Amino acid sequence: MNAKKILIIGSMGQIGSDLVKELRKRYGTQNVIASDYRTPAREALEQWMPFESLDITKKDTIVGVIKRHGINTIYHMAAILSAVGEQNPHLAWEVNMEGLYNVLEVAREYKIERMFFPSSIAAFGPQTPKDNTPQDTILQPTTMYGVTKVTGELLCNYYVERFGMDIRGVRFPGIISSETPPGGGTTDFAVAIFYEAIRHKSYECFVREDTTLPMMYMPDAIKGIVDLMEADLSRLKHHSNFNLASMSFSAKELAAEIKKHIPEFVCTYKPDFRQRIADSWPRSIDDTVARQEWGWKPSYDIASMTKDMLEKLRYRHIHGKL
Ligand code: AKB
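Remember, predicted model here, so these are calculated numbers, not experimental data. Sequence positions are assigned chain by chain, starting from 1 and proceeding in written order. Where totals are concerned, whole chains, interfaces and linings use all residues; where local detail is concerned, this predicted model gives features only for residues with pLDDT of at least 70, and gives and counts side-chain atom pairs only at 80 or more. Side-chain numbers come from the whole structure's heavy atoms, not from hydrogens or water.

S.K.: Hey, could you run me through the sheet that holds strand β8 (residues 170-172) in this one?
M.R.: What holds strands together in a sheet is hydrogen bonding between their backbones, with the strands either parallel or antiparallel. Strand pairing is defined by DSSP finding a minimum of two bridges between the two strands. Strands here mean DSSP runs of E at least two residues long; helices mean DSSP runs of H or I at least four residues long; both are numbered from the N terminus. On the basis of which strands lie adjacent, the open sheet formed by 3 strands has the order β6-β8-β12 and parallel pairing. Of all strands in the sheet, those bounded by a partner on one side alone are β6 (119-120) and β12 (242-243). Summarising the sheet, β8 and β12 pair through 2 bridges and their orientation is parallel. Bridge pairing in β12 links Arg-171 to Asn-243.

S.K.: Mind showing me how you'd approach unusual backbone geometry here?
M.R.: When glycine is set aside, most residues are seen to have a negative phi, and most peptide bonds are trans. Residue Pro-50 is reached from Met-49 by a cis peptide bond, and omega for that bond is -5 degrees. Tracing the chain through its elements places Pro-50 in the loop between α2 (42-48) and β3 (51-53). Of note, Lys-111 is a non-glycine position whose phi angle comes to about 50 degrees, a positive value. Mapped onto the fold, Lys-111 is located in the loop between α5 (89-109) and β5 (114-116). The backbone of Asn-132 shows a phi angle near 55 degrees, a positive value even though the residue is not glycine. For Asn-132, a relative accessible area of 49% corresponds to the partly exposed category. A simple rule labels every residue: compare its accessible area, found with a 1.4 Å probe on the protein chains alone, to the largest value its type can have, and call it buried under 20%, exposed over 50%, or partly exposed in between.

S.K.: How should I be thinking about the side chain of Arg-316 in this particular structure?
M.R.: With respect to the secondary-structure elements, Arg-316 resides in helix α12 (residues 302-318). For the buried residue Arg-316, which engages in no salt bridge, the nearest side chain bearing the opposite charge is Glu-179, 4.3 Å off. Only heavy atoms matter for contacts: two residues are in contact if any of them lie within 4.5 Å across the pair. For Arg-316, the residues in contact, after removing those within four places along its chain, are Ser-178, Glu-179, Tyr-195, Lys-321 and Leu-322. The charged-residue count follows a simple rule in which Lys and Arg add positive charge and Asp and Glu add negative charge, with His and chain termini not counted at all. Note on definitions: salt bridges are taken to be side-chain nitrogens of Lys or Arg within 4 Å of carboxyl oxygens of Asp or Glu.

S.K.: Help me out: how do you make sense of the sheet that holds strand β13 (residues 247-250) in this one?
M.R.: Read across the open sheet, the 3 strands follow the order β9-β11-β13; overall the sheet is mixed. The open sheet has two free edges, formed respectively by β9 (174-176) and β13, since each of these has just one partner strand. Neighbour to neighbour, the strand axes of the sheet diverge by 45 degrees on average, direction disregarded. Contacts between helix α7 (residues 189-200) and the sheet are confined to β9 and β11 (212-217), with β9 contributing the most and set at about 25 degrees to the helix. Axes here mean lines fitted to C-alpha atoms, for a helix over just the part in contact, with angles spanning 0 to 180 degrees between N-to-C directions.

S.K.: Is there a simple way to explain the nonpolar core in this structure?
M.R.: A general trend in soluble globular proteins is that nonpolar side chains are found buried together. In terms of nonpolar packing, the biggest core is built from 38 residues, with Ile-176, Phe-189, Ile-193, Phe-194, Phe-265 and Met-305 touching the most fellow members. Among the secondary structure elements, those contributing two or more residues to this core are α7, β10 (202-205), β11, β13, α9 (251-261), α10 (274-279) and α12. Domain start and stop positions are those given by an automatic or database domain assignment. Residue assignment places this core across two domains, with domain 1 (6-174 + 216-243) and domain 2 (175-215 + 247-282 + 300-318) each supplying three or more. Once residues lying within four places of it in the same chain are set aside, the contact partners of Phe-194 are Ile-176, Leu-254, Ile-258, Met-305, Thr-306, Met-309, Leu-310 and Leu-313. Membership of the second largest hydrophobic core comes to 34 residues, among which are Trp-48, Met-77, Leu-228 and Trp-296. The criterion is simple. A nonpolar core is a set of buried Ala, Val, Leu, Ile, Met, Phe, Trp, Tyr and Cys residues joined through side-chain atoms within 4.5 Å.

S.K.: Teacher, can you tell me more about helix α8 (residues 218-230) here?
M.R.: Spacing of three or four residues puts side chains on the same side of an α-helix, whose turn is 3.6 residues. For a helix, the expected span equals 1.5 Å multiplied by the number of residues minus one. Between its first and last C-alpha, α8 extends 18 Å over 13 residues, near the 18 Å set by a 1.5 Å rise per residue. Buried within α8 we find Met-218, Asp-220, Ala-221, Ile-222, Gly-224, Ile-225, Val-226, Leu-228 and Met-229.

Laid out in structure tokens, this is it:
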């Protein structure tokens, strides 16, 4: 592979913003072009540079960036998540499917050497085995987001088989992080609960207390992306759809873990439309295949993740940045 010239699409999102930092550390700031459909605020622009405004629903804008920077590696992180996708299924299809198709076509035409595309536990549905969900199993999601993720996995695998491209991806669980809050997902409660615990010592959770979902702390998510993208291609039998697991817990168990650090913390539960989405997803995931094919191994559990999240958010709160 040539020296890396990387484009990150969706850089200002929850995962994208942490990924930009990590890849710039590894490959050099000038070799990692951040991009998003949003433009950073003027005072923050400097820290994002090199930055490009990019709308994935307009193929020409992707072509322009690829040509201008001689891009050979793409991380395509832009997506409409599950909750917003249910409120606006048309938008989810347009961004997640037409956007992905444009990115794949440009990647094919401009001979991109390697590409990352995140799938999600949303690819599974109510018929999927709920516990220790296997790698190869029933994929019949009941959300538009899930439909676009299954289709995205299939489309990426098609480009691998049909055009010999190198496209890699994982099915992410809910991601918990302290830098950029998620937007529009069902697992967002597992991030919001930390912010509200620090700010107000209380949180009204939008899923039932017994709602158990697979989750992952951001440092593990970033490690997963980096490790998969660095893995030897000849070892990979799967490509765009690796199951990835780290921890699973119920909303009540998370609240109890936070209470160990903030004894006054109170969590109440008022399920809304996102409950149905959460109920359609697995409780826990079997990631044996990722462990075997490229050595996946997460570091954080609920206790170490909670401690680290609260330390980071407390620090920002004290410095008036939360
Ligand atoms: C969502 O909740 O929509 C996402 C996901 C699990 O992919 N966080």
